[in-house]
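# Structural characterization, general
Chain by chain, the residues run as shown.
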Amino acid sequence: MYIEQISVFVENKPGSAGAVTRVLGENGINIRAMSIADTSKYGILHMIVDDPQKGFDVLKKAHFTLNSADVLAVRLDDTPGALSRVLELLGDGGYNVEYAYAFITRKREDAIVILRVNDVGSGSVKLLLDAGVELVGPEQIRAL
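Notes on the structure in this doc start here. Note that this is a predicted model, so its numbers are computed, not measured.

Conventions used here
- Residues numbered from 1 in each chain as written.
- Predicted model: local features only at pLDDT ≥ 70, side-chain atom pairs only at ≥ 80, totals over all residues.
- Heavy atoms only, no water.
- Axes fitted to C-alpha atoms, helices over the stretch in contact; angles between N-to-C directions.
- Helix = DSSP H or I, 4+ residues; strand = E, 2+ residues; numbered from the N terminus.
- Parallel < 35°, antiparallel > 145°, perpendicular 65-115°, else oblique.
- Left-handed = near helix turned anticlockwise from the far one by under 90°.
- Contact = heavy atoms within 4.5 Å.
- Nonpolar A, V, L, I, M, F, W, Y, C, P; charged D, E, K, R; others polar.
- Core = buried A, V, L, I, M, F, W, Y, C linked by side-chain atoms within 4.5 Å.
- Buried < 20%, exposed > 50% of the residue type's maximum accessible area, 1.4 Å probe, protein only.
- Salt bridge = Lys/Arg side-chain N within 4 Å of Asp/Glu carboxyl O.

## Quick word on the packing of helix α3 (residues 82-92) against helix α4 (residues 122-130)
Contact geometry for α3 and α4: axes closest at 10 Å, N-to-C directions at 130°. Classified by the angle their axes make, α3 and α4 are oblique. You can see that α3 and α4 cross each other, and the crossing is right-handed. Seen from α3, the contacting residues are Val 86, Leu 89 and Leu 90; seen from α4, they are Ser 124, Leu 127 and Leu 128.

## A short note on the packing of helix α1 (residues 16-26) against helix α2 (residues 52-61)
One way to put it is that α1 packs onto α2 with a least axis distance of 10 Å and a crossing angle of 120°. The orientation of α1 with respect to α2, classified from their angle, is oblique. When the axes of α1 and α2 are compared, the crossing they make is right-handed. Along the contact surface, α1 presents Val 20, Val 23 and Leu 24, while α2 presents Gly 55, Val 58 and Leu 59. For the contact of α1 with α2, a count of residues per class yields five nonpolar, one polar and no charged.

## Points about the nonpolar core
In this structure, Ile 6, Val 8, Val 20, Leu 24, Met 47, Leu 59 and Phe 64 are the most contacted members of the largest nonpolar core, which totals 16 residues. Elements represented by at least two residues in this core include exactly β1 (3-11), α1, β3 (42-49) and α2. Tallying contributions element by element places α1 first for this core, with four residues. Ignoring any residue separated from it by four or fewer positions in sequence, one finds Leu 24 in contact with Ile 29, Ile 31, Met 47, Val 49, Gly 55, Val 58 and Leu 59. Core analysis: the second largest hydrophobic core is formed by 15 residues, Leu 76, Val 113, Val 125 and Val 133 among them.

## Notes on the pattern of salt bridges
Counting across every chain of the model gives four salt bridges. With a closest N to O distance of 3.1 Å, Arg 75 and Glu 134 form a salt bridge. Here Glu 134 lies in strand β7 (residues 134-135) and Arg 75 lies in strand β4 (residues 65-77), a separation of 59 residues in the sequence. The class of Glu 134 is partly exposed, set by a relative accessible area of 32%.

What follows is the structure, encoded as structure tokens:
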């Protein structure tokens, strides 16, 4: 089980990220989580939105350079050590975490961590599910 992440390439200048989020907002798309990685000339805005297909389509229509990727969304207790357990499981299973970002939900006292691993296929999913880790699917993200 995985979710779709949208990544948008933006110039590293004032207002670039705001232009992306404005297009999403004007089209009724809610951002659930966001991370910006930057260099001196450009940034990559990684986002989880409530309707990834519509989000991708409206950003593409607005002429943004973007792509989508499958990522894992893991629900964790919001306690010390919870993330370490998941990262160690993946590492011991031979999966590399390329990047991660997290958010705390309003409805529960837990956190959701977005993990981009080198292989989001069934192997990494099975490893986590077999260890009792709760994965969050697209429907659950939409309902947050």
